[in-house]
Each structure stands twice: as structure tokens, then as C-alpha cells.
Amino acid sequence: MSETTRDNRWLTVAVLAAVVAGACSGGGQATTQARGKRRAVVTTTTTELPTTTTAAPTTTVTAKPQPNPLPGLGPGARGQVVLDLEKRLDAQRYDVGAVDGVFDNNTTNAVMAFQKVHGFARTGRATDEVLLAAATSGPPGPLVPGGGATRVEIDIPRQVLFLYQGDTLFRILPVSTGNGARFCVDGRCTRAVTPGGSFRVTRRVSGWDKSPLGLLHNPLYFNGGIAIHGATSVPAYPASHGCVRIPLSASPWVPSKVPNGTPVYVQGGPIAPAPFSEPVPTTSPPPPPTTAPPTTTTTTPPTTTTTSP
């Protein structure tokens, strides 16, 4: 090989080496930088946000106080205790209606009458003391002994009615009598009293009767416009215009036991005239008769005067 050829080959190798060296130089820096990055330690800073806890508002609900349960047995109660109570009251002549162990309106009226007779609170509920008294007591005595085989006795202070049949106590009913208040009808005014005294049943009306003293069911009139009659309301206290109210459940059968002429004794009432003893005048005249009344001729006998000598 000639020297010139050798020099050319070395020149070529040198140029190629320079090119390769330049290329590797760039790649070497990149590789070095990449390696440097891999060796770098990355520090991460975590900033925690403050935690805020907001408590939900507390609402205090105050329970509405419940009314205390009423003492004793009352409407709706049923069972053996009620049945035993009804049997005892029925034996003492209180009007319990059907003896069936159901505390209904009739049982309430009977308990009310029992409480009135014995001086208990007039609630119509069978408390322990009422149950005990009913188990140990008997029928009350008469107000007017010997007042008649069939008679009615009305006790104003105790607000009860005693009905006798065959001179024996038949039934005891709660009543409500005149409340003493002033009231007016068609411009006429009076006081609502149930006068005391001895009377007799004089007339009756079947069904509802409208009178100056109110609306009366099956009334038995015994003192002017005052009657024993059924009413939808018979409270434990005097509340009528003067009549003697009895429970509506009793008014269908009472008239059959109280014929006209039956004595009625009112004990404890004021000595006073009956309210509206005279009929209240009506504003409209009576209807004219359908036929003319017959003409009556009256003949006056001659008058003879005798002079004594």
C-alpha cells in the first residue's frame, strides 16, 4: 500500500470519528441530564386545609303534656267488672238499661244517679269508691212514706226522681230541674224554678211537644206548664226552665208507668208559682171555625118580688 493511500484512509477514519464523536457528545449530554434527573430527589409539599366542623343546630322538641286519664270506668268500658256493677245498680233500682257488661249511656246515667243519691262527685264514672259503695249499699228510703202505691218523688237537692209501683221503689232516674235564671218568652219574663209541693199528673202529650218552657218529649204535666219529660241533655246540675228533665232513653217507658192522677211530690223546691202558670198569649188569632156555631136562645124566667108584711 502506498503512503498516500494510507494517509487518505487515516483521514477518512479521522473524519468519521469526529462525526461519531460529535453525535455521541450530544447524546451523552442528554443521557447525562436524564440520569441526573432520575437521581434528583423530588420533594413534595402537602398543605393540609384546615378542617372546619359545623355542628347542625339542635332543635329541642318539647312533648305536649298528655292529659291524665280519667279515674274509674266510663263509656266504652266492658267486661266482668262492668257487668257486676250493672247487676248491683239494677238490684238497687237504678235504670241501667240492658245488663250486658257494656258501659253505655244507660250505665252512665245509672252511675250518675247513684252518685247523686250517695253524695259522690257527679261524673258518671265508676271510680273505686263508687264500685265499693255499689257493692255494699242498698236502695234509698222513700221521701214520702205512704204517699201512694203509684207515685213520683222528685228530690231537688239531689237531682233525682224516684218512681214507685205498688208502694215499692221501681226506678231511680237522674233529673235536671229549674236553674233559677230569668228568661223571657214573647215579651213575658219569669224565673226558671221547679216549685216544691204536692201535685198530680193532669195531662200528657205523646211525642215532642213545644211549650213556653221548651221542647219536651212525652211530657207528663203536673203543675201548670211544668212536666216530667225526656230531654237530649240532662246535666248533673239544675239547667231547665222549670220542668223535670229525665234521660231520653227513659221517656218512652215512663208514661206507661205513670197514669193521669198519679201523685207527684217535689221535695226541696221553692214555694212559688209555676213559670207561666197562665198560657202565654199568641200573636196570631185562632183560625175561624169551619161551620157557624148554632144559635142558642136564653129564656129568663120572670122575677117575683114578695113583700113581707
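Here the structure is a predicted model, which means the values were calculated and not measured.

Engineer: Just to check I follow, could you spell out the overall build of the protein for this structure?
Structural biologist: Scanning the protein from N- to C-terminus turns up 5 helices and 12 strands. Split into buried and exposed, the 309 residues of the protein put 35% on the buried side. Sequence-distant contacts in the protein: of pairs separated by 6 or more residues, those separated by 24 or more amount to 54%. As displayed, the protein offers around 19,400 Å² of accessible surface, 57% of which is attributable to carbon and sulfur atoms.

Engineer: Whenever I open this one, the pattern of salt bridges confuses me. Can you help?
Structural biologist: Here the idea is simple: oppositely charged side chains can pair when their charged atoms come close. Summed over all chains, the structure comprises 5 salt bridges. The salt bridge involving R151 is made with E153; its shortest N-O contact spans 2.9 Å. E153 shares its class with R151; the two are buried. In this structure, D155 and R158 form a salt bridge, with 2.7 Å as the shortest nitrogen-oxygen distance. What makes R158 partly exposed here is its relative accessible area of 23%. Each of D90, D95 and R171 takes part in a single network of salt bridges with overlapping partners.

Engineer: Is there a simple way to think about the confidence of the model for the protein in this case?
Structural biologist: Parts of the model with low pLDDT should not have their predicted coordinates read in detail. Residues of the protein with pLDDT of at least 70 account for 69%, and the chain-wide mean is 80. Across residues 10–44, confidence stays below pLDDT 50; counting only partners more than four residues off in sequence or on other chains, it has 0 contacts. Counting contacts from residues 279–309, a segment whose pLDDT is below 50, to residues more than four positions away or on other chains yields 7 contacts.

Engineer: Teacher, can you tell me more about the nonpolar core here?
Structural biologist: The nonpolar side chains of soluble globular proteins are, as a tendency, buried together. V152, I154, L161, F222, I228 and I246 are the most contacted members of the largest nonpolar core, which has 30 residues in total. For this core, the secondary structure elements donating two or more residues are β1 (151–155), β2 (160–165), β4 (182–185), β9 (214–223), β10 (226–231), β11 (244–247) and β12 (263–267). In terms of residue count, β9 provides more of this core than any other element does, 4 residues in total. Not counting the four nearest positions on each side in its chain, V152 is found in contact with L161, F162, L163, I228, V258, T262, P263, V264 and Y265. A126, A134, V160 and Y164 belong to the second largest nonpolar core, which has 23 residues in total.

Thresholds applied
- Residue numbers restart at each chain and count upward from 1, following the sequence in its written direction.
- The predicted origin of the model limits local features to residues at a pLDDT of at least 70 and limits the giving and counting of side-chain atom pairs to 80 or more, whereas totals for whole chains, interfaces and linings rest on all residues.
- Only hydrogens and water are removed before side-chain values are computed, so all heavy atoms of the structure are retained for them.
- Labels follow the DSSP assignment, with helices taken as runs of H or I lasting at least four residues and strands as runs of E lasting at least two, numbered in each case from the N terminus.
- Per-residue accessibility, obtained with a 1.4 Å probe over protein chains only, is compared with the maximum for each type, and a residue is labelled buried under 20%, exposed over 50%, and partly exposed between these values.
- Contacts between residues were defined by any pair of non-hydrogen atoms, one from each residue, lying within 4.5 Å.
- Only the protein chains shown count as cover for residues, and all accessible areas are computed by the Shrake-Rupley method using a 1.4 Å probe.
- The term salt bridge refers to a side-chain nitrogen of Lys or Arg lying within 4 Å of a carboxyl oxygen of Asp or Glu.
- How sure the predictor is of each residue is captured by pLDDT, a score from 0 to 100.
- Side-chain atoms within 4.5 Å are what join buried Ala, Val, Leu, Ile, Met, Phe, Trp, Tyr and Cys residues into a set we call a nonpolar core.

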